[in-house]
Amino acid sequence: MKRLFPRPWRRPAIGLLGQVLAILLLTIIIEFGASTLLYERASRYAVQDDEANRLAEHLVISRRLVAERPIAQRPGMAAELSTDRYLVQWREAMPPPPPLAPMLDAMRSQVVAWEPSLAKTDLRLRLVSPGRSSAVSGGLMLDDGSWLYFRTLEPVADINLAFERVALAMVPAIALMVLGAVVLRQLLLPLRRLAAAAERVGHGDAVPLDPDGPGEVRRVIVAFNAMQERISSLIAGRTQALAAVGHDLRTPLARLHLRTESLADAETRAAIGGDVAEMEAMIASLLAFLGGEADPERPSRVDLAVMCATLADDAQDRGRDADYIGPDHCEWTVRRLALKRAVGNLVDNALHYGDRVRITLDPGDGRLAIRVEDDGPGIPEEKLGIVLEPFVRLDPARGRDTVGFGLGLPIVREAVTMEGGTLTLSNRPGGGLCAEILLTAVAATK
């Protein structure tokens, strides 16, 4: 059997629990590193708080000393209060500085919280060059209405503290989400391969997998491969047994058919011949149904219009009323023998229960429908789903005796399912049954 998804190397077998624990450990390590980084940043924020406190103290002292001096001495006192960190100026007739900048609201709150006496001075702050520098300037009003201006000579770093904290907290969270998604995707890859293989096995393909992934998943894959081998062996054995039984049964039936030709009584000869034909039909339907899954036929391009027209012509040659409605040519990728047997079963079923059959081929955009309609008694609505089950016969509902095991419609459904299509039964408004086979181009390419 051809192996699917081969892998060039094998990783050490680690259980699913071990891999989950490894992921958790990695998460803890990353979270620890992020927390350490945030702690260091918080220390920087504490330094900035100290800077706001120093500014508050300097402003309180400067305001008090300048206010105590006569007006003529205030400019000189302001100059003496200037340091390497702060520039202080006093102006009597200049307009007040602009209002508080929104991004400096937190810094002003820190200054006022440290020195509440500054709250009544109309303290205003602004950035000297927004977007290029984080130096802060501003002013506060003295009791006589004059203004004391100040400016930081060193930039105040990281003004928008709240935004930066949120951003730093989001970075490790996003990184963990991405890392977790990648690791879990790799962890679940063997399970996805197993699901794909199980789907193909359901369509009759044997696809053993190389054991890979966590220990639990590897044990499942090993059990899955063993199950495939057992199923393949059972199907092969059943197919061989069916072929032998079919051959063994057909041989005495053929001899019996030849011996009936020597009977002088025509009525007896016809009765025995009918029984032999019925037994041959029963054997053929049973072998077709039980051997359908092991059908080695491969899909190929088939002219379904010619096939349907040929089935209608065959029915006419037998003296039955049959019509074909559809295009002259319509190619489709199907298993030719299986689909022809399915449509032929529908035609025989229609002719058995009705006097007239109509085969309609209706191609569309990416789809194709084959409808077989008769003028018989139809099927009760509550029994339309039951007749598709194997070995179910509804003779009283159809009004006549039937031949076989009741496998005609199940054989049709199985053949249509192998083509990826659907079989639908419905009663016609004017009487009779309509059996529709719907095929799609997507399923045909599989």
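Source: prediction; values computed, not measured.

Quick notes on the rules
- Residues numbered from 1 in each chain as written.
- Predicted model: local features only at pLDDT ≥ 70, side-chain atom pairs only at ≥ 80, totals over all residues.
- Heavy atoms only, no water.
- Helix = DSSP H or I, 4+ residues; strand = E, 2+ residues; numbered from the N terminus.
- Buried < 20%, exposed > 50% of the residue type's maximum accessible area, 1.4 Å probe, protein only.
- Contact = heavy atoms within 4.5 Å.
- Areas by Shrake-Rupley, 256 points an atom, 1.4 Å probe, with all protein chains shown as cover.
- Salt bridge = Lys/Arg side-chain N within 4 Å of Asp/Glu carboxyl O.
- pLDDT = per-residue confidence, 0-100.
- Patch = residues over 30% accessible without salt bridge, like charges linked within 9 Å, V, L, I, M, F, W, Y side chains within 5 Å.
- Pairing = 2+ DSSP bridges.
- Axes fitted to C-alpha atoms, helices over the stretch in contact; angles between N-to-C directions.
- Left-handed = near helix turned anticlockwise from the far one by under 90°.
- Nonpolar A, V, L, I, M, F, W, Y, C, P; charged D, E, K, R; others polar.

### Some details on the overall build of the chain
Moving on, step 1. Across its full length, the chain carries 11 helices and 11 strands.
Moving on, step 2. With 446 residues in all, the chain has 35% of them scored as buried.
Moving on, step 3. Restricting the contact set of the chain to residue pairs at least 6 apart, pairs at least 24 apart contribute 64%.
Moving on, step 4. Here the chain displays about 25500 Å² of accessible surface, and carbon together with sulfur accounts for 60% of that area.

### With respect to helix α10 (residues 408-418)
Moving on, step 1. Taken together, the buried positions of α10 are occupied by Leu-409, Pro-410, Ile-411, Val-412, Glu-414, Ala-415 and Val-416.
Moving on, step 2. Taken from the residues just after α10, Gly-420 is the one with a positive phi, measuring 75°.

### Concerning the environment of Glu-297
Moving on, step 1. Take Glu-297: it is sitting in the loop between α6 (266-290) and β5 (300-303).
Moving on, step 2. C-alpha separation for the pair Glu-297 and Arg-336, spaced 39 residues apart in sequence, amounts to 8.2 Å.
Moving on, step 3. In this structure Glu-297 touches Arg-335, Arg-336, Leu-337 and Ala-338, once residues within four positions along its chain are discounted.

### Some thoughts on the pattern of salt bridges
Moving on, step 1. Going through the model one piece at a time under the given rule, you end up with 12 salt bridges.
Moving on, step 2. With a shortest N-O distance of 2.5 Å, Asp-144 and Arg-74 are connected by a salt bridge. Linking Asp-144 in the loop between β3 (136-141) and β4 (147-152) with Arg-74 in helix α2 (residues 74-81), this pair joins segments that are 70 residues apart in sequence.
Moving on, step 3. With a relative accessible area of 45%, Asp-144 lands in the partly exposed category.
Moving on, step 4. Glu-436 is the salt-bridge partner of Arg-371, the closest N and O atoms lying 3.0 Å from each other. Separated by 65 residues along the polypeptide, Arg-371 in strand β9 (residues 367-374) and Glu-436 in strand β11 (residues 433-440) bring together distant segments of the chain.
Moving on, step 5. Glu-436 gets classed as partly exposed once you look at its relative accessible area, which sits at 23%.
Moving on, step 6. Bridged by salt links that share partners, the residues Asp-321, Asp-323 and Arg-356 form one connected network.

### What about the confidence of the model for the chain?
Moving on, step 1. Averaged over every residue, the pLDDT of the chain is 75; the share at 70 or more is 69%.
Moving on, step 2. Taking the mean pLDDT of every element in the chain, the minimum, 45, falls on helix α9 (residues 395-398) and the maximum, 94, on strand β8 (residues 356-363).
Moving on, step 3. In this model residues 42-47 is a low-confidence stretch, pLDDT under 50, and it forms five contacts with partners more than four residues away in sequence or in other chains.
Moving on, step 4. The model gives residues 158-162 a pLDDT under 50, and that stretch makes 10 contacts with residues more than four places away or in other chains.

### Topic: a nonpolar patch on the surface
Moving on, step 1. A cluster of nonpolar residues, Ile-174, Val-178 and Val-182, forms a patch on the protein surface that exposes about 270 Å² of accessible area.
Moving on, step 2. When you line up the elements, Ile-174 lands in helix α4 (residues 161-201).
Moving on, step 3. Take Ile-174: its relative accessible area is 45%, and that puts it in the partly exposed class.

### Regarding the sheet that holds β8
Moving on, step 1. Spatially, β6-β8-β9-β11-β10 is the arrangement adopted by the five strands of the open sheet, whose pairing is mixed. Of all strands in the sheet, those bounded by a partner on one side alone are β6 (321-325) and β10 (422-427). On average, adjacent strands in this sheet sit at an angle of 15° to one another, irrespective of strand direction.
Moving on, step 2. Contacting β6, β8, β9 and β11, helix α8 (residues 336-353) runs over the sheet at an angle of about 25° to β9.

### A short note on the environment of Pro-299
Moving on, step 1. The topology assignment puts Pro-299 in the loop between α6 and β5.
Moving on, step 2. Between the alpha carbons of Pro-299 and Thr-333 there is a distance of 5.9 Å; along the sequence they are 34 residues apart.
Moving on, step 3. Here Pro-299 is in contact with Thr-333, Val-334 and Arg-335, once residues within four sequence places are set aside.

### Observations concerning unusual backbone geometry
Moving on, step 1. Even without being a glycine, Asp-122 presents a positive backbone phi close to 55°.
Moving on, step 2. Accessibility expressed as a relative area gives 30% for Asp-122, which makes it partly exposed.

### Comments concerning the pairing of strand β7 (residues 331-334)
Moving on, step 1. Judged by which residues are buried, β7 turns out to be one-sided: Trp-332 and Val-334 face inward and are buried, whereas Glu-331 and Thr-333, on the alternate face, are not.
Moving on, step 2. As paired elements, β5 and β7 share four bridges and run antiparallel to each other. In the sheet register, Asp-303 faces β7, and the bridge partner there is Glu-331.

### With respect to the packing of α8 against α10
Moving on, step 1. Look at α8 against α10: their axes get within 9 Å of each other, and the N-to-C directions meet at 145°. As for the relative orientation of α8 and α10, their crossing is left-handed in sense. Contact residues: Ala-338, Arg-341, Ala-342, Asn-345 and Leu-346 in α8; Gly-408, Leu-409, Ile-411, Val-412 and Ala-415 in α10.
Moving on, step 2. Class assignment for the residues of the contact of α8 with α10 results in seven nonpolar, two polar and one charged.

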